[in-house]
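# Working through the structure, step by step
Here is how the chains run, residue by residue.
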Amino acid sequence: MTNEFRKLPSVDKLLTQPAVKTLITRHGPQLVTVAARAELTISREQIAQGAEATTIDALIKAMTNRLLGMVSSTLQPVINATGVIIHTNLGRALLSERARQAMQQVASSYSNLEYDLDGGKRGSRYLHAADLLCRLTGAEAAVVVNNNAGAVILALTVLAQGHEVVISRSQLVEIGGGFRVPDIMAQSGARLIEVGTTNRTYLRDYEGAVNTKTGLLLTIHHSNYQIIGFTAEPTLAELTSLSQKTSIPLMEDLGSGTLIDTAPFGLAHEPTIQESITAGVDIVTASGDKLLGGPQVGLILGKRSLIDEIKHHPLIRALRVDKTTLAALHATLLAYLEQRAITEIPIWQMISAPLDQLAQRAEQWRVALDTAELPSHVSLTVLDSHSTVGGGSLPGQSLPTKSLAIIGPSPDKLAMQLRQTTPPIIARIDQNRILLDPRTVLPAQDQTLISNCKAVMGQTRKRE
Ligand SMILES: *Cc1c(COP(=O)(O)O)cnc(C)c1O
């Protein structure tokens, strides 16, 4: 048995093999040495269990595979066939071509990120994109931070720390991932004053709670839940008039905050940022990567004096936005200003995709897959289903779509096999069928989707 140990090459000997030298050229000596040590350790353990020594060729093969695993990113592209357009777990909004180019450009060169080109001195990163936001929404001023959760915490800290904040009980919700309104309020040092009930809150409830300690009136859009039945909440106009009468600022967290009316697409009307500004809300917060279809940012818009206070609070430094993000946001906003958002921004392309085109693509997928390779117990059919906007917006709303259904004995297993392809395909399971929705699959991914599905079906067939 000790003989077998002696048959193993040393690390140094492994590193001088021609195939390993190629690995070193590609990945550097440090990673390759780690891989060599790891494979030799495994082989020694196997010999101790009575196995024969691994050959040099087998060791090199194992090292190559291990290196591939070591250098491949944990963050990888996937094909989203779920039909959920703003899928938070799959990275939310895809960026437009123009936004991607803008990111590339600012990443490859120095920029005037915080430099005043006229004065030749220090400038502010918070200027970028602010003008466009104001032009698009009618807001007096705007500031961009890392994400909307950050925007809400920052705005509450600046506007309401040490004061009372009045909010309806119907809005004391969890927005997602442990982001709960009462906790955020505590975090920002504001005192939560709940008014009304879960289903019905009136203006008079707010009026009754306002006193000299009140620092802010807060309203949060029902972005990821619905309260249906016997319900009431004051209108934005009622809240703004109370705010004006009492001189207590009104803040609205819109969450998604679209710049375009969603109703013409067959969806419910999602409140736009412009509507809130026009109604007289003092501070509006919204996400950049939901219905805006841009990069992950938090937008804070509203009255200049309040935005100035926010811009000068030390906490903003901890939430500051990256230059590539600002470049992508600018390019995204420009598409709205030039009235090209629906054709240029991926989420709007997906929302507005015509049903007959979706049907055509689903049918093309079906024809391409319906070959001799199809396992005998699997059948394919194109059927009516529903896509959703997702991303905590438009709850209960859906868009009619056509999906390719794969009907077979074990949908969970097939879904797992689809997730193991490169790139992984993420499908939806509905009534024991795998559904692939073309709405969220980029047309450029059609061929890859087909060949990856074929590969999975081929495996299944071989095992029959
Ligand atoms: C999504 C959402 C947030 C959080 O926004 P992020 O950009 O994900 O940080 C906050 N408030 C509401 C109402 C939301 O819908």
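Everything discussed here concerns the structure shown above.
Quick look at the structure, then.

What counts and what doesn't
- Residues numbered from 1 in each chain as written.
- Predicted model: local features only at pLDDT ≥ 70, side-chain atom pairs only at ≥ 80, totals over all residues.
- Heavy atoms only, no water.
- Helix = DSSP H or I, 4+ residues; strand = E, 2+ residues; numbered from the N terminus.
- 1 Å grid on protein atoms, 1.4 Å probe; cavity = no way out; pocket = protein on both sides within 12 Å on 5 of 7 lines; lining within 4 Å.
- Points joined across faces, edges and corners; volume = space filled by probe spheres on them.
- Nonpolar A, V, L, I, M, F, W, Y, C, P; charged D, E, K, R; others polar.
- Near = heavy atom within 4 Å.
- Polar contact = N/O pair within 3.5 Å; in protein donor to acceptor, adjacent residues only side chain to side chain.
- Areas by Shrake-Rupley, 256 points an atom, 1.4 Å probe, with all protein chains shown as cover.
- Sits in = over half its atoms within 2 Å of the grid points.
- Phe/Tyr/Trp six-rings, centres within 6.5 Å; stacked < 30°, edge-to-face > 60°.
- Lys NZ or Arg CZ within 6 Å of the ring centre and 35° of its normal.
- Pairing = 2+ DSSP bridges.
- Axes fitted to C-alpha atoms, helices over the stretch in contact; angles between N-to-C directions.
- Contact = heavy atoms within 4.5 Å.

## So, unusual backbone geometry
At the junction of Thr-422 and Pro-423, the peptide bond is cis and its omega measures out at -10° in the coordinates. For Pro-423, the location among the structural elements is in the loop between α18 (411–419) and β16 (425–426). Even without glycine at this site, Gln-339 takes up a positive phi of about 55°. Within the secondary structure, Gln-339 sits in the loop between α14 (323–337) and α15 (341–344).

## A closer look at the layout of surface pockets
Taken as a whole, the largest pocket holds about 420 Å³ of empty space. Looking at the largest pocket, it is lined by 18 residues, and the ones nearest its centre are Pro-77, Val-78, Leu-90, Gly-91 and Leu-94. By volume, the second largest pocket is sized at about 360 Å³. Lining the second largest pocket are 23 residues, and of these Arg-92, Ala-149, Ile-175, Ser-287 and Lys-290 sit closest to its centre. Within the residue set of the lining of the second largest pocket, elements represented by two or more residues are α8 (148–160), β7 (174–176) and β11 (250–255). Residue composition of the lining of the second largest pocket, grouped by class: seven nonpolar, 12 polar and four charged.

## Here's the deal with the site of the ligand
Neighbouring the ligand are Arg-92, Asn-147, Asn-148, Ala-149, Ile-175, Ile-220, Ser-223, Asp-253, Gly-255, Ser-287 and Lys-290. Ser-223 has a polar side-chain atom sitting 2.5 Å from an oxygen atom of the ligand. Its free accessible area being 380 Å², the ligand has 92% of it covered by the protein chains. Among the cavities detected, the one that contains the ligand is the second largest pocket.

## Re empty space enclosed by the protein
Left-over empty space is what a probe sized like a water molecule reveals as it rolls over the atoms. Taken as a whole and assessed by the stated rule, the structure comprises one cavity of 30 Å³ or more. Volume-wise, the largest cavity comes out at about 30 Å³. Surrounding the largest cavity, Val-152, Leu-156, Ile-175, Phe-179, Val-181, Ile-184, Leu-218, Ile-220 and Asp-253 form its lining. For the lining of the largest cavity, the secondary-structure elements that each account for two or more residues are α8, α9 (181–187) and β10 (214–220). When its residues are assigned to classes, the lining of the largest cavity shows eight nonpolar, no polar and one charged.

## Some remarks on the packing of aromatic side chains
For the structure on display, the rule yields one aromatic pair. With centroids separated by 5.4 Å and ring planes inclined at 35°, the aromatic side chains of Phe-265 and Trp-348 adopt a geometry described as tilted. With Phe-265 in the loop between β11 and α12 (273–279) and Trp-348 in helix α16 (residues 346–351), this residue pair connects regions lying 83 residues apart in the sequence. Directly above the aromatic system of Phe-230 lies the positively charged group of Arg-200, at a separation of 3.7 Å from the ring centroid.

## A word on the sheet that holds strand β14 (residues 379–390)
The mixed open sheet is built from five strands, whose spatial order is β2-β14-β15-β18-β17. Edge strands, defined here as strands with exactly one partner in the open sheet, are β2 (84–86) and β17 (428–430). Within the sheet, the average angular offset between the axes of one strand and its neighbour, ignoring direction, is 40°. With three bridges connecting them, strand β15 (residues 399–407) and strand β18 (residues 433–436) associate as antiparallel partners. Note on β18: the bridge partner recorded for Leu-404 is Leu-436. Here helix α17 (residues 355–369) sits on the sheet in contact with β14, β15 and β18, set at roughly 10° to β15.

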